[in-house]
Amino acid sequence: MLEVRDLSVSYGAIRAVRGISFSLGKGELVSLLGANGAGKSSTIKCIAGALKASGGTITLEGKDITTSSPEQVVRTGLATVPETRDVFPDLTVAENLMLGAYLHRRDVAGNRDNLERMHALFPRLSERSNQAAGTLSGGEQQMLVIARALMSRPSVLLLDEPSLGLAPAIVERIFEMIETLKKSGLTILLVEQNVNQALAVADRAYVMRLGSIVASGTADEIRSTSDLSAHYLGS
Ligand SMILES: Nc1ncnc2c1ncn2[C@@H]1O[C@H](COP(=O)(O)OP(=O)(O)OP(=O)(O)O)[C@@H](O)[C@H]1O
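An unreviewed UniProt entry annotates the protein chain as Amino acid/amide ABC transporter ATP-binding protein 2 (HAAT family) originating from Rhizobium subbaraonis. The protein chain has a UniProt comment under Sequence similarities (unreviewed entry) that states "Belongs to the ABC transporter superfamily."

(A) Spatial organisation of helix α6 (residues 138-150). Between its first and last C-alpha, α6 extends 19 Å over 13 residues, near the 18 Å set by a 1.5 Å rise per residue. Within α6, 10 of the 13 residues are buried, which leaves the element mostly enclosed by the surrounding structure. For α6, the set of buried residues is Gln-141, Gln-142, Met-143, Leu-144, Val-145, Ile-146, Ala-147, Arg-148, Ala-149 and Leu-150. On the buried face of α6, the contacting elements are β6 (78-81), α3 (93-100), α4 (108-121), α5 (123-127), β7 (156-160) and α7 (168-183).

(B) Inspection of the site of the ligand at higher detail. Taken together, Tyr-11, Ile-14, Ala-16, Gly-34, Asn-36, Gly-37, Ala-38, Gly-39, Lys-40, Ser-41, Ser-42 and Gln-193 make up the full set of residues adjacent to the ligand. If you list the elements that add at least two residues to the shell around the ligand, you get β2 (14-24) and α1 (40-47). Taken together, the residues of the shell around the ligand sort by class into four nonpolar, seven polar and one charged.

(C) Up close: the sheet that holds strand β4 (residues 55-60). Taken in spatial order, the four strands of this open sheet run β2-β1-β4-β5, and their pairing is antiparallel. Every interior strand has two partners, whereas the edge strands, β2 and β5 (63-64), have only one. One ladder, built from eight bridges, connects strand β1 (residues 2-11) with β2; its direction is antiparallel. Within β2, the residue paired with Ser-10 across the bridge is Arg-15. Together, β1, β2 and β4 form the strand contacts of α1, whose direction differs from that of β1 by roughly 115 degrees.

(D) Quick peek at the sheet that holds strand β8 (residues 187-192). Within the open sheet, the six strands sit side by side as β6-β7-β8-β3-β9-β10. Their pairing is mixed. With partners counted over all chains shown, the strands left at the sheet margins are β6 and β10 (212-218), one partner each. On average, adjacent strands in this sheet sit at an angle of 15 degrees to one another, irrespective of strand direction. Alignment of strand β3 (residues 29-34) against β8, held across five bridges, turns out to be parallel. If you follow Leu-32 over to β8, its bridge partner there is Val-191. Relative to the sheet, α1 contacts β3, β6, β7, β8 and β9 (204-209), its axis offset from that of β7 by approximately 145 degrees. Its contacts with the sheet place α7 against β3, β7 and β8, and it is angled at close to 155 degrees to β8.

Thresholds applied
- Residues numbered from 1 in each chain as written.
- Predicted model: local features only at pLDDT ≥ 70, side-chain atom pairs only at ≥ 80, totals over all residues.
- UniProt positions renumbered as here; feature names shortened; annotations may be inferred.
- Helix = DSSP H or I, 4+ residues; strand = E, 2+ residues; numbered from the N terminus.
- Expected span 1.5 Å × (residues − 1).
- Buried ≥ 20, exposed ≤ 12 C-beta atoms within 10 Å, placed from the backbone.
- Contact = placed C-beta atoms within 7 Å.
- Near = placed C-beta within 6 Å.
- Nonpolar A, V, L, I, M, F, W, Y, C, P; charged D, E, K, R; others polar.
- Pairing = 2+ DSSP bridges.
- Axes fitted to C-alpha atoms, helices over the stretch in contact; angles between N-to-C directions.

In structure tokens, the structure reads:
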């Protein structure tokens, strides 16, 4: 579904991502792990079209999206939930969700079905349909940005640090929801600091350090064979 080959990302002289390669098969949940500054968010932003690659290629379902704009990337079937968790604060929950369906705005019946699916997945959003998104709790805003991304009907979902700064009970709920999405057949790339929880839901994982991939394998292999704390904490 998604293939990243020799991807590099630079900010001036800073080489944030140094020729990494990885892939996601259909229906796979793959986690990208690594300490602060490892290059995970830069990788995600580049795949989403928000940052220009300085080298390498990104292919989504056989289509080269390396130089695509963010809108073209969404049209090709990839939705991103950035770690910034940016809702439109003055719009209601329902309006935020409908903005996610912008590409399918003429398919009113399809959007209604999809909205019902989101309400089943996130009952809390359903109860708060008419509430301004800016007044939601952090966990509810995270649910909203995930649901909004799903309204674009992606075949691949990129999740950047969905558990960041949330209370443990909400983190549990977010991970349960990620498992539900995985069971529905969605292909997911999950960037997480929360290694144990990420490995509990992931089929495979890649560990990044200083812009490079330093370990990869199934969740069990990563747990048992790599010195995760050295890679992860940089110690
Ligand atoms: N806009 C920017 N300008 C200059 N350097 C940047 C910029 N964004 C990121 N970097 C640098 O690129 C490197 C990788 O950062 P990135 O945010 O991709 O890492 P990360 O693994 O996502 O970290 P975190 O878990 O803290 O979000 C870091 O050294 C960071 O300082």
